[in-house]
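Remarks on the overall topology
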Amino acid sequence: MTLRHSYEDGVAPFDRRPHWYYPTELVLFGALLAQTADAGEANRFGDADWLGRAVELLAWQRPRTAHQIQELVAETRAV
């Protein structure tokens, strides 16, 4: 995985979580990743403060439709 800079490779351990990710969490993360990358802002994932706020805002959300997911992620990215 490339982090912080287009030429800097880093390891992001995803195996430290004490329990399985819920499907909604995976869908929200996928939408966040897609929208952020499509906007040309993938470098924001290297900003720990921004990523922490985004995850905190999305963590307890349980949208029920694809439209709600896209809307919620767009609102989160704007913060």
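Residues numbered from 1 in each chain as written. Predicted model: local features only at pLDDT ≥ 70, side-chain atom pairs only at ≥ 80, totals over all residues. Heavy atoms only, no water.

1. Notes on helix H2 (residues 48-58)
Note the threshold: Per-residue accessibility, obtained with a 1.4 Å probe over protein chains only, is compared with the maximum for each type, and a residue is labelled buried under 20%, exposed over 50%, and partly exposed between these values. Put simply, DSSP marks the helices as runs of H or I at least four residues long and the strands as runs of E at least two long, and each gets a number from the N terminus on. To obtain the arc, one takes the directions from the helix axis to the C-beta atoms. In what follows, residue pairs with any heavy atoms lying within 4.5 Å of each other are defined as contacts.
Looking at H2, one finds that the buried residues are Trp50, Ala54 and Leu58. Looking down the long axis of H2, one finds its buried residues gathered within 55 degrees of arc, a one-sided arrangement. Facing away from the buried side of H2 by more than 90 degrees, the exposed set consists of Ala48, Asp49 and Glu56. Contacts made by the buried residues of H2 are with helix H1 (23-38) and helix H3 (66-77).

2. As for the packing of aromatic side chains
As a reminder, the rule being used: Pairing of aromatic rings covers Phe, Tyr and the six-membered ring of Trp, with a centre-to-centre limit of 6.5 Å; geometry is then stacked below 30 degrees between planes, edge-to-face above 60, and tilted otherwise.
Scanning the entire structure with this criterion turns up 2 aromatic pairs. For the ring pair Phe29 and Phe45, a centre distance of 6.2 Å and an interplane angle of 75 degrees mean the geometry is edge-to-face. Note that Phe29 is positioned in helix H1 and Phe45 in the loop between H1 and H2, a separation of 16 residues in sequence. On the numbers, 5.6 Å between centres and 90 degrees between planes, the contact of Phe45 with Trp50 is edge-to-face.

3. Remarks on the pattern of salt bridges
Quick note on the threshold: Whenever Lys or Arg places a side-chain nitrogen within 4 Å of a carboxyl oxygen from Asp or Glu, that contact is recorded as a salt bridge.
Tallying each qualifying case throughout the model produces 2 salt bridges. Linking Glu41 and Arg77 is a salt bridge whose minimum nitrogen-to-oxygen distance equals 2.9 Å. With Glu41 in the loop between H1 and H2 and Arg77 in helix H3, this residue pair connects regions lying 36 residues apart in the sequence.

4. Things to note about the packing of H1 against H3
In plain terms, the rule: Only the contacting stretch of a helix is used when fitting its axis, a line to C-alpha atoms as for every element, and angles between N-to-C directions run 0 to 180 degrees. Geometric relationships in this document are graded by angle, where less than 35 degrees denotes roughly parallel, more than 145 denotes roughly antiparallel, 65 to 115 denotes roughly perpendicular, and other angles denote oblique. We call a crossing left-handed when the near helix sits turned anticlockwise from the far one by less than a right angle, and right-handed when that turn is clockwise. Basically, the charged four are Asp, Glu, Lys and Arg, the nonpolar ten are Ala, Val, Leu, Ile, Met, Phe, Trp, Tyr, Cys and Pro, and anything else, Gly included, counts as polar.
Closest axis-to-axis distance for the H1/H3 pair is 9 Å, and the angle between their directions is 60 degrees. Classified by the angle between their axes, H1 and H3 sit oblique to one another. Crossing hand, H1 versus H3: right-handed. Residue-level inspection shows Val27, Leu28, Ala31, Leu32, Gln35 and Thr36 of H1 in contact with H3, the latter providing Ile69, Gln70, Leu72, Val73, Ala74 and Arg77. Considered class by class, the residues forming the contact of H1 with H3 number 8 nonpolar, 3 polar and 1 charged.

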